[in-house]
Every structure is written in C-alpha cells, then in structure tokens.
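Chain by chain, the residues run as shown.
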Amino acid sequence: SQQGEEDPQALSIQEGENATMNCSYKTSINNLQWYRQNSGRGLVHLILIRSNEREKHSGRLRVTLDTSKKSSSLLITASRAADTASYFCATAPNAGGTSYGKLTFGQGTILTVHP
Amino acid sequence: GAVVSQHPSWVICKSGTSVKIECRSLDFQATTMFWYRQFPKQSLMLMATSNEGSKATYEQGVEKDKFLINHASLTLSTLTVTSAHPEDSSFYICSAGSIGLSNEQFFGPGTRLTVL
C-alpha cells in the first residue's frame, strides 16, 4: 500500500522562485529518498536522508526530515524551467530481511516552472 | 554512478501475446532487483522483489503467474507479461540494488508497454 502522501499534488511557479514539496509517511523508516521523474522517463535519485538526520543539502536542494511528525520536505531554491518534472518521495522500511531495499513511493508532486 | 538499462524502451503487442522486458545492471552486481508499474499520472507501485538465484517475492495483489520474473544472474532480471491484455498497458520500471551499495537503488529508464 502507498504510505507516502505528498502535497501539493501540483505546483506551478515562475523561474527564480523557490519550490517546496512535502511528504508524509506512516511507518518507521530507515531512510527517506527523493526522486525526480521527467515525463515518460525513468527516475533520477536526488537525495537520501537517514532517519537520524534532520536536514541535508545538495546544490539547490534542501531536504528536511521530522521523524516525530513522520514528514519530510524538499525545497528547490532558485528554480529553473529545467526543474519541471514530477517529484516523488520514497521511504525505506526500518527492517531487514525480506524488507531490504523495498521502497514505498508517495503520490508525487508535479512541478511546473514557467520561464 | 551505477547504470541500469532496460530493453526494450517501448513495445506494442496484441492482446494475448507475451512480452519480455530485460533489466540489466551495467557496472555493478545487483543482489536485488525490483520491478515497479506506473500508470499515467500515478506513482510507482512495487510489483515484486527479485533476488539472484531465488524466486521472486510478489506484492499483494500481483499475479505471479501473469508476471513472471527471472533473476538468472547478478546483472540481469527479466519480467515477462504473459497473455497480455489492454489493462496491462503501463510503464514498467526496474531498479537494482546491492547490499554493498547501502540503501540506494538505481532505476532503469522504464519500458512503455501498450497492449492493443
């Protein structure tokens, strides 16, 4: 079952503005990952944040994780038209064995950046 | 970074035929491969987990006799959609991971299946 919920479902902004996407989950996690998907293409891994981390940066990306609220946010600063894509969060369970590596994806946010 | 390929990138077939999709890890050995299905404007749904040399583990609601998965080597997994029907039309994506690569999975570019 899909445990990740993302909001907003769609976000439309102008180039140069910041874009913030949120993700909530339900169960205990080992880590949370964010992916980007351009229309009809595969997924590109953006960033991974572990359950014992609160914030992580990568270039124009900033991810926060609040395990007490079971939520995460992805901030893209100074957005560009090329950032237009769908963004998904995915959680990895906090269990080994047969659960190793299994990711549960959120519903995704469709980001449109207008030039 | 690690590269995963899928073949074919798209396929159109007639209802009732079987279609095989290949997923290859090109520069690393994948102990585990995952198969996802994605319908238009929806998220990825995990179908099954495939470990090299053992039977695949299917998610609830996924018919193992319809979606045959073979993980014959550490670099190749195949998904065969048997007796395909129009409702099987979807975007199929594989990912590959290895315990040595920690928690990261590497995704293939996907295969667009259209069943007429």
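Just so it is clear, the model here is predicted, and its values are computed rather than measured. (Residues numbered from 1 in each chain as written. Chains lettered and ligands numbered in written order. Predicted model: local features only at pLDDT ≥ 70, side-chain atom pairs only at ≥ 80, totals over all residues. Heavy atoms only, no water.)

Asker: Let's hear about the interface of chain B and chain A: which residues, and what values?
Answerer: Contacts between the two partners involve 23 residues from chain B and, on the opposite side, 21 residues from chain A. Carbon and sulfur atoms supply 53% of the area buried between chain B and chain A, which totals about 1,700 Å² over both sides. One can count one salt bridge joining chain B with chain A. In this structure, the salt-bridge partner of K102(A) is E59(B), at a minimum N-O distance of 2.9 Å. Remark: the boundary between chain B and chain A carries four residue pairs in polar contact (both at pLDDT 80 or more). (Contact = heavy atoms within 4.5 Å. Buried area = accessible area lost by both parts, 1.4 Å probe. Salt bridge = Lys/Arg side-chain N within 4 Å of Asp/Glu carboxyl O. Polar contact = N/O pair within 3.5 Å; in protein donor to acceptor, adjacent residues only side chain to side chain.)

Asker: So what's going on with the sheet that holds strand β3 (residues 19–24) of chain A? Which residues, and what values?
Answerer: Residue and element names in this part refer to chain A. Read from one edge to the other, the open sheet built from five strands follows the order β1-β3-β8-β7-β6, with strand pairing classed as antiparallel. Among the strands making up the open sheet, the edge pair consists of β1 (5–7) and β6 (55–58). Ignoring strand direction, the axes of neighbouring strands in this sheet form an average angle of 15 degrees. (Pairing = 2+ DSSP bridges. Helix = DSSP H or I, 4+ residues; strand = E, 2+ residues; numbered from the N terminus. Axes fitted to C-alpha atoms, helices over the stretch in contact; angles between N-to-C directions.)

Asker: Residues and numbers for the pattern of salt bridges, please.
Answerer: Residue and element names in this part refer to chain A. Applying the stated criterion across every chain, the model contains six salt bridges over all chains. With a closest N to O distance of 3.9 Å, E53 and K56 form a salt bridge. Note on E53: relative accessible area 23%, which makes it partly exposed. The class for K56 is partly exposed, based on a relative accessible area of 28%. (Buried < 20%, exposed > 50% of the residue type's maximum accessible area, 1.4 Å probe, protein only.)

Asker: Any chance you could break down the state of the cysteines for me, citing the residues and the numbers?
Answerer: As used in these notes, a disulfide is a covalent bond between sulfur atoms, one from each of two cysteines. With the rule as written, the count across this model stands at two disulfides over all chains. Across the disulfide, C23(A) is cross-linked to C89(A) (sulfur-sulfur distance 2.0 Å). Linking C23(A) and C89(A), the disulfide has an S-S dihedral of approximately 70 degrees and is accordingly described as right-handed. Here C89(A) lies in strand β9 (residues 85–93) and C23(A) lies in strand β3, a separation of 66 residues in the sequence. Judged on exposure class, the residue C23(A) and its partner C89(A) are both buried. Linked covalently through their sulfurs, C23(B) and C94(B) form a disulfide whose S-S length is 2.0 Å. Handedness here is read from the sign of the S-S torsion; for C23(B) and C94(B), about 80 degrees, the answer is right-handed. Of the two residues, C23(B) sits in strand β3 (residues 19–25) while C94(B) sits in strand β9 (residues 90–97), which places them 71 residues apart along the sequence. (Disulfide = S-S within 2.5 Å.)

Distances and angles like these do not, on their own, reveal function.
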